[in-house]
There are 2 protein chains.
Amino acid sequence: METYNVAIMGATGAVGQVMLEILAERDFPVGELRLLASARSVGKEFEFGGKTIAVQELKEDSFAGIDLVLASAGGSLSKQYNPHAVAAGAVVVDNTSAFRMDPEVPLVVPEINPQDLEWHKGIIANPNCSTIIMDVVVWPLYRQKRVRRVVVSTYQAVSGAGARAMEELEQQTREVLAGKKAEPRELPYQIAFNLFSHNSAIGPEGYCEEEMKMIKETRKMFHDDQIQVTATTVRVPVMRAHSEAINLEFEEPISAAEAREILAAAAGVKIVDEIEANHFPMPIEASGEDDVLVGRIRQDISRPDGRGLDLWVSGDQLRKGAALNAVQIAEELVERRVFQKV
Amino acid sequence: METYNVAIMGATGAVGQVMLEILAERDFPVGELRLLASARSVGKEFEFGGKTIAVQELKEDSFAGIDLVLASAGGSLSKQYNPHAVAAGAVVVDNTSAFRMDPEVPLVVPEINPQDLEWHKGIIANPNCSTIIMDVVVWPLYRQKRVRRVVVSTYQAVSGAGARAMEELEQQTREVLAGKKAEPRELPYQIAFNLFSHNSAIGPEGYCEEEMKMIKETRKMFHDDQIQVTATTVRVPVMRAHSEAINLEFEEPISAAEAREILAAAAGVKIVDEIEANHFPMPIEASGEDDVLVGRIRQDISRPDGRGLDLWVSGDQLRKGAALNAVQIAEELVERRVFQKV
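Read on for an overview of the structure.

1. Notes on the side chain of Asp116(A)
Residue and element names in this part refer to chain A.
Thinking step 1. Looking at the secondary structure, you find Asp116 in the loop between β7 (91–94) and β8 (123–125).
Thinking step 2. Buried charge Asp116 goes without a salt bridge, the closest partner of opposite sign being Lys220 at 8.1 Å.
Thinking step 3. Beyond its immediate chain neighbours, meaning those up to four positions away, Asp116 contacts Pro106, Val108 and His223.

2. Some remarks on the side chain of Asp300(B)
Thinking step 1. By secondary structure assignment, the location of Asp300(B) is in the loop between β15 (292–299) and β16 (308–316).
Thinking step 2. There is a polar contact of 3.0 Å between the side chain of Asp300(B) and the side chain of Asn247(B).
Thinking step 3. Sequence-distant contacts of Asp300(B), defined by excluding residues within four places in its chain, comprise Arg149(A), Tyr207(A), Thr230(A), Asn247(B), Gly308(B), Leu309(B) and Asp310(B).

3. Thoughts on the environment of Phe99(A)
Residues and elements named next belong to chain A.
Thinking step 1. If you trace the backbone, Phe99 turns up in the loop between β7 and β8.
Thinking step 2. Taking the C-alpha atoms as reference, Phe99 lies 15 Å from Met214; in sequence the two are 115 residues apart.
Thinking step 3. Ignoring anything within four residues of it in the chain, the contact list for Phe99 reads Ser78, Lys79, Asn82, Asp94, Val105, Ile123 and Ala125.

4. Examining the sheet that holds strand β7 (residues 91–94) of chain B
Residue and element names in this part refer to chain B.
Thinking step 1. Taking strand neighbours across the sheet as the criterion, the six strands line up as β5-β2-β1-β6-β7-β8 in an open arrangement whose pairing is parallel. Looking along the sheet, the strands with just one partner apiece sit at the ends: β5 (56–57) and β8 (123–125).
Thinking step 2. In the sheet, strand β2 (residues 30–37) pairs with β5 via two bridges, with the strands oriented parallel. Within β5, the position partnered with Ala37 by the bridge is Glu57.
Thinking step 3. Across the sheet, helix α1 (residues 14–25) lies against β1 (4–9), β2 and β6 (68–71), angled at about 155° from β1, the strand it touches most.
Thinking step 4. Lying over the sheet, helix α2 (residues 75–87) contacts β1, β6, β7 and β8, oriented at roughly 160° with respect to β7.

What counts, and at which threshold
- Residues numbered from 1 in each chain as written.
- Chains lettered and ligands numbered in written order.
- Predicted model: local features only at pLDDT ≥ 70, side-chain atom pairs only at ≥ 80, totals over all residues.
- Heavy atoms only, no water.
- Helix = DSSP H or I, 4+ residues; strand = E, 2+ residues; numbered from the N terminus.
- Buried < 20%, exposed > 50% of the residue type's maximum accessible area, 1.4 Å probe, protein only.
- Lys, Arg positive; Asp, Glu negative; His and termini not counted.
- Salt bridge = Lys/Arg side-chain N within 4 Å of Asp/Glu carboxyl O.
- Contact = heavy atoms within 4.5 Å.
- Polar contact = N/O pair within 3.5 Å; in protein donor to acceptor, adjacent residues only side chain to side chain.
- Pairing = 2+ DSSP bridges.
- Axes fitted to C-alpha atoms, helices over the stretch in contact; angles between N-to-C directions.

Below, the structure written as structure tokens:
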């Protein structure tokens, strides 16, 4: 079997670590594995495939002999290093926002638009985590019944802000329980027993960057500039799964039963909709899962024309929202034999 | 000054305790204060107005000489005891859901429909907490620009499930941090570092009772059977303030600036919308406040016709969501001199 030499950029981060887990879990045909991070992580060691691998400093010449880069070290580092990786002959699956809206770069969720991998030029962008978790569920409905408008409210885990934010939630919660005042560091406000509007910068329309990503990335992946999306993105004291309340407006009427049938057949989606038991998607059950959980599937009572649907989803931010989707992209590249630049 | 003999039904509960606080804070003209609760709370003592008051067992004959009952002991106890209180000559402000949709009972938020107090027959219903917190903000916009449809997602504190649920959040969080398995008691699922769809029963339309309250109670208070509401209600690991992402569809276009002007002049509402600082309503800042905080005021980008608005609110569930609104109803009864049955 052919193998691929893989480099993980940002190997010590929350997403980098899950990339390592998922490459192993899914038996991705890894030849050499190179773990790249900033100078301060050099010397850290991780196990992979029975070997101990030491972290190396990320440099412009880090990519010699590498076939695949999984990049998750932040947008500015992707901007700086991805061109070097591509020049060295690697394909980069980039988990940052740096290249997502670049018209030369495909933005891909394999369940949605794998065909866009065919025209990659060396960089493939992994979408925003909230966008992936929403669109894996919205896409199969869209494809069959054409969604015109989405109103989404997110309940986003701290993992989206990185490993240090996860530590902060745990540590700060201990402090608040001990009667101490919360001292936010990674996150802008107290997160223990609190929640707040996503703290990315607010643009001229009044939407924060996280919300604009959900709007623009959905249009790009669906190849539909007409689909309307409004979003309110909120950080909640949850460790690693994002939840979302999704309201959909369709071109035609759709019943909850039809929606359930479509979602039951959809890849990457698992229905958790036990009405009698009041058991629906929850972060603690979505964590560690590959599928995005969906429940509370109901016709929107506020649309007597039957063209509305309400859904409630929960998905692992580190897995399907980031690392898993990136590895699935790599698998799809192998499958489609497009592991080279167009 | 005329004084009123007041009984609190459910005096030892989370809402009952805040009723006691608010009666004192606002100098409500209390004559005698009678604290009523179940037999197991008899003997507990609370301070009020410099006196120590012992809890008495709630009985059918508990209401002799009482002018005002603030009832918050649960719907079945309200159904059982309110008629006795009314028969004894008292006015009942009922915080439970027992009488809210009774056409003979006004359902009142003083900032919205105080005139409905004029036709009370002894019982006045206090609306559901999520409904109050939404409608205090939606009403002033509705009155000036006619809202046609609301899509709301809630982030509800555990206080809405009572004092024991608040203890459970704290205690269970300690246990989870200590590596123990969560053992839900008051709440149906783990609440520490988790969240879940509101666990009230799901009806035939697929909506839970909490959601149907937001729909039906809004229509009743607004005197508008045509206003459409869809809701997804979610319990989050927050102590005592509910937050809500609210999407509004209007009859006519409305700008964010117009909305801000209307809300700035609205009673019971405080704008917290510091875009540069990324400072918006948060549960920890809404807790202990009388006003419902509103921010993220923006025109809905998904409606190019300009008829949409997105808002983010946070309000103290125990205060404006329950005890404060009940005491404000009592104050309005005094003000309007309708402290007797029609």
